[in-house]
Amino acid sequence: MANVTITVNGKSESREVEDRTLLVHFLRDHLGLTGTHVGCDTSQCGACVVHMDGIAVKSCTVLAAAADGAEVVTIEGLADGDELHPMQAAFREHHGLQCGFCTPGMIMTAVDMVQRHGGNLDEKTVRHELEGNYCRCTGYHNIVKAILDASGKMGGVQQAAE
Amino acid sequence: MYETTYHRPGSVAEAASLFSSTGDAAYFSGGHTLLPTMKARLAAPANLIDLRNIPDLKGIQASGDSVTIGAATTHAEVAASNDVAGAIAPLAALAGSIGDPAVRHVGTMGGSVANNDPAADYPAAVLALAGTVHTNKREIAADDYFTGLFSTALEEGEIVTKVAFKVPETSGYAKFRNPASRYPMAGVFVAKHKDGSVRVAVTGAGNDGVFRWNAAEEALSGNFSADALKGLSVDASGIMSDIHGSAPYRAHLVGVMAGRAVANLGTLTMD
């Protein structure tokens, strides 16, 4: 067993877990943060994307023990109280989701994308950078619109939990 | 995934010592191949030794003649490195084309080179750029390092610490990706070195993993242009055949990718 302490959405969380526990299961099963989804479980679909030490990772392919000491932000950590993060608001505004299963991973990937590219995103870059996030409903069109809209609004906006 | 015990050594010596003392162990440097393999129960090491937090395995050094990348450097770090892009632009672009952004944040150069997946990108760069694989025991020239599918000259417990890539006069990398998996079905790294020698390395297509295409090297040594490759073809008997493409199809792709690499030097060319 491993004693794992991870700062999740600004709050330090310690649990004793099996060494084989994946970060996504630490979040969902041990902390009850079920916003992060398990889709393919093979690091392809992106439903499990969270931020670890400020960058997007696929939490189905990270061991919780390997994240010991890290700072993790999940979809639950983005909003500031009742105020949605600009990326969340843009997904709602542009109807960037239908069933919603991929949405948490999409949004965490999108926030990471804007943080790396700043306001310099264009449609081609957004589509290319969504390579690791699958959506089977929307055809991606409104997701791309939402990300481009939010990238303009996010300038200087820090994540609420950071 | 079967039970395992996770270790986080702080030095290469500690990692090697853990490997020999624990018996059934695997090194872990990103784990984006190993963890899925363990989930599928195709691998079940009793111990995982995480190499990513070892300071000696991190970092990038560039000089006029070589670019040296620490084994635990992530693909994203290589892709974003001005030192790498300035010296060998196609190498930085290659790193930036692996997987997707989240995968590149975790996967490492050393992990890829140690695993030697037949469809991985890095082995083509190591071979074409006359790389030297440094381990905790010795230095291994690229030509002696890759020995077959998922197999290398590494001995049991040996750790890749860094890879030194020779800065060429010019180089290019072109790949044709499987439309679903995005792994190259044929990827060709072409480098013209400062001593005039030409190296052409092919990944994704060979039955035995990455290989040098000698006929193309000879043709390009006389005339370093895409025209020199016209009419040349790889012997399909050594080429992989599977549901994604037959051997003759992949052999044809190798020729096309080599031509594209030479026609687009200084960059990565992909579909």
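Refer to the preceding data block for the structure.
These lines cover the structure that appears in this document, whether it is placed above or below.

About the thresholds
Residues numbered from 1 in each chain as written. Chains lettered and ligands numbered in written order. Predicted model: local features only at pLDDT ≥ 70, side-chain atom pairs only at ≥ 80, totals over all residues. Heavy atoms only, no water. Contact = heavy atoms within 4.5 Å. Buried area = accessible area lost by both parts, 1.4 Å probe. Salt bridge = Lys/Arg side-chain N within 4 Å of Asp/Glu carboxyl O. Polar contact = N/O pair within 3.5 Å; in protein donor to acceptor, adjacent residues only side chain to side chain. Helix = DSSP H or I, 4+ residues; strand = E, 2+ residues; numbered from the N terminus. Nonpolar A, V, L, I, M, F, W, Y, C, P; charged D, E, K, R; others polar. Pairing = 2+ DSSP bridges. Axes fitted to C-alpha atoms, helices over the stretch in contact; angles between N-to-C directions.

**Here we look at the interface of chain B and chain A**
In this complex, chain B contributes 28 residues to the contact, which on the side of chain A involves 24 residues. Each partner contributes to the roughly 2,100 Å² buried at the junction of chain B and chain A, and carbon and sulfur atoms together form 57% of this total. Of all residues in chain B, Tyr 6, Lys 39 and His 105 of chain B give up the largest surface area on contact with chain A, accounting jointly for 26% of the area buried on that side. For the interface between chain B and chain A, the tally reads four salt bridges. Here Arg 182 of chain B makes a salt bridge to Glu 131 of chain A, at a shortest N to O gap of 3.2 Å. The interface formed by chain B and chain A holds eleven residue pairs in polar contact (both at pLDDT 80 or more) in total. At the level of secondary structure, the elements contributing two or more residues to the side of chain B that touches chain A comprise β1 (5-7), α2 (34-39), β3 (47-50) and α6 (101-104) of chain B. Tallied by class, the residues present in the side of chain B that touches chain A amount to 13 nonpolar, seven polar and eight charged.

**Regarding the sheet that holds strand β6 (residues 132-135) of chain B**
Residues and elements named next belong to chain B. Within the open sheet, the five strands sit side by side as β4-β5-β10-β6-β7. Their pairing is antiparallel. For this open sheet the edge positions go to β4 (60-62) and β7 (139-141), each flanked by a neighbour on one side alone. Neighbouring strand axes in the sheet, compared pairwise and without regard to direction, differ in orientation by 15 degrees on average. As paired strands, β6 and strand β10 (residues 160-166) are joined by four bridges and run antiparallel to one another. If you follow Val 133 over to β10, its bridge partner there is Val 163.

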